[in-house]
Amino acid sequence: MPEDLYDRYQVAYTAHRKHRATCTDCTDTSRCPTGQRLFESFTRLQDAYLNRQRQQRR
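Residues numbered from 1 in each chain as written. Predicted model: local features only at pLDDT ≥ 70, side-chain atom pairs only at ≥ 80, totals over all residues. Heavy atoms only, no water.

> Is there a simple way to explain the overall build of the chain in this structure?
Scanning the chain from terminus to terminus reveals two helices and zero strands. Expected size for 58 residues packed as a compact globule is a radius of gyration near 10 Å; at 13 Å, the chain overshoots this value by more than 25%. If one aligns the C-alpha atoms of the chain with their principal axes, the spans along those axes are about 45 × 20 × 15 Å. When burial is assessed residue by residue, the chain has 22% of its 58 residues classed as buried. Partitioning the intrachain contacts of the chain with sequence separation of at least 6 by distance along the chain shows that 50% fall at a separation of at least 24. If you sum the accessible surface of the chain, you get close to 4,500 Å²; carbon and sulfur atoms cover 48% of it. Charge centroids of the chain, computed over 11 positive and 7 negative side chains, lie 3 Å from each other. (Helix = DSSP H or I, 4+ residues; strand = E, 2+ residues; numbered from the N terminus. Rg over C-alpha atoms; globule rule 2.2 N^0.38 Å. Buried < 20%, exposed > 50% of the residue type's maximum accessible area, 1.4 Å probe, protein only. Contact = heavy atoms within 4.5 Å. Areas by Shrake-Rupley, 256 points an atom, 1.4 Å probe, with all protein chains shown as cover. Lys, Arg positive; Asp, Glu negative; His and termini not counted. Charge placed at Lys NZ, Arg CZ, Asp CG, Glu CD.)

Right, here's the structure in full:
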């Protein structure tokens, strides 16, 4: 399961990064609706992955 979470986190990061590279509406401080959705998905999965890593170290 941890690898699945890691893989989903990396896929979300890649999707966000690709969108950001091509979207003319997204900036460092604001995002279009699609960019916002991708960013939120990436950050949610990143947080879940990092929290799982912290729990495993305890």
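> Before we go on, may I ask you to explain the pattern of salt bridges in this structure?
Any two side chains of opposite charge can pair, so long as their charged atoms come close to each other. One pass over the full model with this rule turns up two salt bridges. Residue Asp4 is joined to Arg8 by a salt bridge in which the shortest nitrogen-to-oxygen separation is 3.5 Å. With Asp4 and Arg8 both in helix 1 (residues 2–22), this residue pair falls four residues apart, about one helical turn. Overall, the relative accessible area of 38% leaves Asp4 in the partly exposed class. Among the residues examined, Arg8 registers a relative accessible area of 39% and is labelled partly exposed. Residues Asp28 and Arg20 are paired through a salt bridge, measuring 3.2 Å at the closest nitrogen-oxygen approach. (Salt bridge = Lys/Arg side-chain N within 4 Å of Asp/Glu carboxyl O.)

> Is there a simple way to explain the nonpolar core in this structure?
Note that soluble globular proteins tend to have their nonpolar side chains buried in a common cluster. Grouped together as the largest cluster of nonpolar side chains are six residues: Leu5, Tyr9, Ala12, Phe42, Leu45 and Tyr49. Put simply, the parts of the chain that give this core at least two residues each are helix 1 and helix 2 (33–57). (Core = buried A, V, L, I, M, F, W, Y, C linked by side-chain atoms within 4.5 Å.)

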